[in-house]
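Residue-level structure breakdown
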Amino acid sequence: MRPQVLFVTLLLLLMSQSSVVDAKKDGRFNHAASGCGCHSGATGSVSPALSGLPSAYDASTTYSLNIGMSTSPSSGGFNLEVSQGSLSNPSSAAKVSPNGLQATHNTWTSTSWTVDWTSPASGSGSVQFNLAVLSGNGQQNTAGDDYATMSTSLSEAITANNAPSVTSLIIEPASPTTEDDVFVTYTFSDADGDSESGSSFAWYLNNTLMPSHATATLPSSATAKHQSWTVEVTPSDGIDVGTAVMSPTLTIVNSPPKITNVLLSDTAPTSSTELTFQYLSEDADDDAVDVQIQWRLNGQIVPELDNATTLPAIATRSNDVWSVEVRGHDGEGFGDWTPSTNVTIASGNTPPVVSQVSLAAPSPTNTTSDILVQWNEIDGDGDAIVGHEITWTVNGQTIETANGMNPLPASMTSKGEVWKASVRASDGIGWSSWEESDTVAIVNAAPVIISLSLNSSSMTVMHDLIVNLELEDVDGDTVSITSTRWFNQGQEDLAFTDASLPSSALTKGDVWTVLVTVSDGESEVSSTSEGVTVLNAAPSVEMQWPDEVTSLSELAPQLSASDRDGDAVEMWTNWYKNGFRDAGLENSSVVPVEKLAPGQTWTLHATPWDGETLGERAEHTLVIANLPPTAAFAVLSTDVWFGEEVILSAEASSDLDGKDLTYAWSWAMGSASGQMLTLVPKGGVDLTLTVSDEFGATNSTTQTLQPTVGPQVQNLMIVHDGQGRVELSWSWNGDEAAFNILRGSQLIATVNEASFSDNPPMSGLNEYTIQPVDQNRIYRNAMDTISLSIESPAVEPPAPSATGGYGLGILLLLGSLLLMQRNLNRGGEQ
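Each chain has its residues counted from 1, running along the sequence as written. Note on the predicted model: pLDDT of at least 70 is required for a residue's local features to be given, and 80 or more for side-chain atom pairs to be given and counted; whole-chain, interface and lining totals, by contrast, use all residues. Excluding hydrogens and water, the side-chain figures rest on all heavy atoms present in the structure.

1. A few points about the overall build of the protein chain
For clarity, the cut-off: The way it works is that DSSP assigns letters per residue, a run of H or I at least four long becomes a helix, a run of E at least two long becomes a strand, and they are numbered from the N terminus. For every residue, the accessible area obtained with a 1.4 Å probe (protein chains only) is divided by the maximum for its type, and the residue is called buried under 20%, exposed over 50%, and partly exposed between those limits. Any two residues whose heavy atoms approach within 4.5 Å at even a single point are treated as in contact. Throughout, the Shrake-Rupley method with a 1.4 Å probe supplies accessible areas, and for residues the shown protein chains are the sole cover considered.
Within the protein chain, the regular secondary structure consists of two helices and 61 strands. Put simply, the protein chain has 830 residues, and 38% of those count as buried. In the protein chain, 62% of the contacts between residues at least 6 apart in sequence involve partners at least 24 apart. Accessible surface, the protein chain as shown: approximately 43,300 Å² in total, 50% of it carbon and sulfur.

In structure tokens, the structure reads:
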């Protein structure tokens, strides 16, 4: 580094640590009001630009601010400071301070910036914005730089408060008396969502304001019967009051009188006692109270005694139950009936007598037996016995649901319970004492075999015989089989004791029964099933097929028939080709090769017969697999030379199960079809042959043809004798070959020697081409061409070769023509 550069760098570092106000390329905070004094070398023409601020801000709202300057300098910077709210989301050339109150540039190359400002919460007041901008010269020095500052204050937008409202105003309860407090209910609504605060209430009695009542509740002490009250509610949200709303009129209704402490004059009267009563009455409205009276006998009203203040003795008899009810009337309404306590009229009647209470039930008694209670009864006064009561207890506990039952149903008893009954009788006046019976203990009830049968999936030797047993135990005990005995045609087979008889024990024609004994742990019961006969078992057939079936060998699955009864089994077969039955193969187990072809679908149905029953038909379907062909080709040409024809043959390709192959040749520069291919390589060729059979199976093989340099026509010379004759000569470095002589594009001769004489028929430029040809190919790359401009004399026909060779020449000429025609008809690399 040069010394001058080092000095400037150190100077800048020292300046960055000083207290002088200056700018930084990556931004500077806390200079929005003062600007950057070290960049003041210009005329002071720059002005800050700040847009995006509203005329007054809404609380908690985000605004997008654009920061720039009045000039278009080459570089610049800025510092924006806000007193409240927060800055965020700066553009790529800006950054925001950690406290969110300042933004500045983060690179010196930009001159405009954006940042979002989110206003403070409601009630925050005015916000101060200070902005300083720097106009730079783009050279990273202060020469010609300028800065400027601006400040602005933004007020908060004040939203006017909406007054609240009141709806659904009513006074409750709907029909109050002077004993009820009255209160107002309503729905308070405020469009701003403000809470209710300071709502006022004005109560009116008969349309006259009652200032002493200014709450939502009017106490009962303030009301009197028949007064009319309304209330006016003025809603308030603490800021504004809404429109006052008047309630509907509420009328204080009459309070009915109350009767209390109704007491009869005698609590133990006899049939000679006259009964009176006393009571207390009150009326909340201080109205005069009259009373109504009614008497009840055994709970029923006696209309003849309505409003009677005395119950005469003549109206009573022993064991009557009497009470009196009183209600008040205040001239407008009735109060509730208030009853006295009941009293029973005593007498000298002799109640009946119950004796010899006993329980009648089978012995032992179990949960299948009803229990009947029996007793003797007598009435000493000769009164008729008109009623009975029976109670039942089990293990000392009274069973309310059983009271009055006789007999006690078996469904209500359980094993282990001890039941007892109590009985009393009535002569209509009095009841006898309770008399108890002896006890009955409920013992175990034996299980019941509801049904017993033998079942099998087929009732043949193919499946086990299973015992189907349906049991019931009224005690709910667990019932299990304790003994299973099997009998075949009446003879017990001791070898089997389970609840199923294995199929191996069965023989066609057997008749089996089973004797089953079950127990609930205390009692046993037995039952014998109906006999079942073992039926003939149907034979079965299984098929085994080779893993892969082709048309090269006969279709011969292995069929094996079996019969569990040991019966002789016949086999009936039918073959179906592509869904159609082949009648010629009926009952054959083999399809001969001549009937098979790839892609065929063959189905075999095989049904066994044992002389009694047809077995389940076995069925299998398969498709004759198509064997893919084998691709192979050979190079027929003796040599593979650059630029010369190469003849290839795919005749060696084969298909074991097909007759019709198609051939596709492909290489980098082309493709062709057919069994034969003629190719002219100009370099190494990766040649691929793909053969396909008529069923779509394919196979490919690839060989690389690497040509070498072949022989060439060399040293081609042409001489004109001045008399119209042209002498051609050349040399050949290949095997023996003939040579086609072409004048222009016309074949004029085929010779065996390396020379030729010609009398061209035209003057001017004559072009000759020497093209070698042999029994394998017409050479292309080995050709050579030469031209000569001559003055043509009289035309003479070409003379034969000095060596003779007409026969070979003609043969080679014909061969050349044939090879040229074939080359035109086949593809090849050009």
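The structure having been displayed, the exposition proceeds.
2. A short note on the pattern of salt bridges
Filter applied, for reference: Note on definitions: salt bridges are taken to be side-chain nitrogens of Lys or Arg within 4 Å of carboxyl oxygens of Asp or Glu.
In the structure shown here, the tally under the stated rule is 17 salt bridges. The partner of glutamate 436 in a salt bridge is lysine 420, with the nearest N and O atoms 3.1 Å apart. Taken together, the positions of glutamate 436 in strand 32 (residues 435-436) and lysine 420 in strand 31 (residues 418-426) put the pair 16 residues apart, joining distant regions of the chain. Owing to a relative accessible area of 23%, lysine 420 belongs among the partly exposed residues under this scheme. Three or more residues are tied together by salt bridges with common partners; here these are Lys225, Asp287 and Glu332.

3. Some words on unusual backbone geometry
Of note, the bond from glutamate 172 into proline 173 is cis; its omega dihedral lies within 30 degrees of zero at 0°. In this model, serine 363 is joined to proline 364 through a cis peptide bond whose omega is -5°. As for its placement among the helices and strands, proline 364 is situated in the loop between strand 26 (353-360) and strand 27 (365-366). Phi at asparagine 307 is positive, roughly 65°, even though this residue is not glycine. Considering the arrangement of structural elements, one finds asparagine 307 in the loop between strand 22 (300-301) and strand 23 (321-329).

4. Regarding the sheet that holds strand 58 (residues 746-751)
In sheet architecture, strand pairing relies on hydrogen bonds along the backbone and comes in two forms, parallel and antiparallel. For the record, the criterion: In this scheme, strands are said to pair when DSSP sees at least two bridges between them. Lines are fitted to the C-alpha atoms to define the axes, a helix being fitted only along its stretch in contact, and any angle between axes, read from their N-to-C directions, falls within 0 to 180 degrees.
The strand order across the open sheet formed by four strands is 58-57-60-61, and the pairing between neighbours is antiparallel. Looking at the sheet topology across the chains shown, the edges are occupied by strand 58 and strand 61 (784-790). Averaged over all neighbouring strand pairs, the angle between strand axes comes to 25°, with direction disregarded.

5. So, the nonpolar core
Nonpolar side chains in soluble globular proteins generally cluster together in the buried interior. Spelled out, the test is: Nonpolar cores were defined as sets of buried Ala, Val, Leu, Ile, Met, Phe, Trp, Tyr and Cys residues, with membership established by side-chain atoms within 4.5 Å.
Core analysis: the biggest nonpolar cluster contains 23 residues, and Leu65, Ile67, Phe78, Leu80, Trp117 and Phe129 have the highest contact counts within it. If you list the elements that add at least two residues to this core, you get strand 3 (62-69), strand 4 (75-82), strand 8 (113-118), strand 9 (127-136) and strand 10 (146-156). Ignoring any residue separated from it by four or fewer positions in sequence, one finds isoleucine 67 in contact with Ala49, Leu50, Phe78, Leu80, Thr111, Ser112, Trp113, Val115 and Leu131. Of all hydrophobic cores here, the second largest spans 20 residues; its members include Ala749, Tyr768, Ala782 and Ile786.

6. Remarks on the confidence of the model for the protein chain
Put simply, the rule is: Values of pLDDT, the confidence the predictor places in each residue, fall between 0 and 100.
On average, residues of the protein chain score 87 in pLDDT, and 89% of them reach the 70 mark or higher. Taken as a whole, residues 1-23 scores under 50 in pLDDT and shows 17 contacts with residues more than four places along the chain or in a different chain. Here residues 820-830 is a poorly scored stretch, pLDDT under 50, and it has 24 contacts once near neighbours within four places are set aside; other chains count.

7. Regarding the side chain of threonine 273
Checked against the element boundaries, threonine 273 lands in the loop between strand 19 (258-264) and strand 20 (277-282). When residues no more than four places from it in sequence are discounted, the contact partners of threonine 273 are Asp266, Leu311 and Ala313.

8. Focus on the pairing of strand 54 (residues 698-705)
Pairing between strand 53 (residues 685-692) and strand 54: eight bridges, direction antiparallel. Its bridge partner being in strand 54, aspartate 686 is matched across the sheet by threonine 704. What sits between strand 53 and strand 54 in their antiparallel hairpin is a turn of five residues, with glycine 696 showing a positive phi close to 95°.

9. Some thoughts on the sheet that holds strand 5 (residues 86-88)
A sheet is described by the order of its strands in space; here four strands give the open sequence 1-3-8-5, paired in antiparallel fashion. Two strands in the sheet have a free side with no partner beyond their single neighbour: strand 1 (48-51) and strand 5. On average, each strand axis in the sheet is tilted by 30° relative to the strand beside it, whichever way the strands run. In this structure, strand 3 lies alongside strand 8, joined through six bridges in antiparallel fashion. Residue pairing in the sheet places serine 64 in a bridge with aspartate 116 of strand 8.

10. Focus: the packing of aromatic side chains
The geometry of an aromatic ring pair comes down to the distance between the two centres and the angle between the two planes. What counts here: Aromatic pairing here means that ring centres of Phe, Tyr or Trp (its six-membered ring) are within 6.5 Å. Orientation follows from the plane angle: under 30 degrees is stacked, over 60 is edge-to-face, and everything else is tilted. Two limits define a charge over a ring: the Lys NZ or Arg CZ must be within 6 Å of the ring centre, and within 35 degrees of the ring normal.
Using the criterion set out here, one finds 18 aromatic pairs in the structure. Relative to tryptophan 512, the ring of tryptophan 486 lies with its centre 6.4 Å away and its plane at 75°, an arrangement referred to as edge-to-face. You can see tryptophan 486 sitting in strand 36 (residues 480-488) and its partner tryptophan 512 sitting in strand 39 (residues 511-519), a full 26 residues away along the chain. Like tryptophan 512, tryptophan 486 is buried. Consider the rings of tryptophan 730 and phenylalanine 739, whose centres lie 5.5 Å apart with planes at 70°: the pair is edge-to-face. The structure contains a cluster of three or more aromatic residues connected by ring pairs, namely Trp641, Trp730, Trp732, Phe739 and Tyr779. The side chain of arginine 424 reaches across the aromatic face of tryptophan 431, ending 4.3 Å from its centre. The aromatic ring of tyrosine 779 is capped on one face by arginine 777, whose charged end is 5.7 Å from the ring centroid.

11. Side note on the environment of glutamine 292
The residue glutamine 292 is located in strand 21 (residues 290-297) in this model. Taking the C-alpha atoms as reference points, glutamine 292 and glutamate 325, separated by 33 residues in sequence, lie 8.3 Å from one another. Discounting residues that sit within four places of it in the chain, glutamine 292 has contacts with Asn307, Glu325, Val326, Arg327, Phe334 and Trp337.

12. Describing the environment of threonine 114
You can see threonine 114 is positioned in strand 8. Non-local contacts of threonine 114, meaning those with residues more than four positions away in its chain, are made with Leu65, Asn66, Asn89, Pro90 and Ser91.

13. Observations concerning the side chain of serine 551
Residue placement: serine 551 occurs in the loop between strand 42 (540-544) and strand 43 (558-562). In this structure serine 551 comes out as buried when scored by relative accessible area, which is 9%. Each residue touching serine 551, except ones within four places of it in the same chain, is listed here: Val593, Leu596, Ala597, Pro598, Ile624 and Asp657.

14. Quick word on the pairing of strand 29 (residues 387-394)
Across the eight residues that make up strand 29, a large majority, six, are buried. As paired elements, strand 29 and strand 31 share eight bridges and run antiparallel to each other. Along strand 31, the bridge assignment pairs glutamate 389 with arginine 424. In terms of strand pairing, strand 29 meets strand 30 (residues 397-398) through two bridges, oriented antiparallel. Residue pairing across strands places valine 394 opposite glutamine 397, the latter belonging to strand 30. Counted along the chain from strand 29 to the antiparallel partner strand 30, the turn is two residues long, and its residue asparagine 395 has a positive phi close to 55°.

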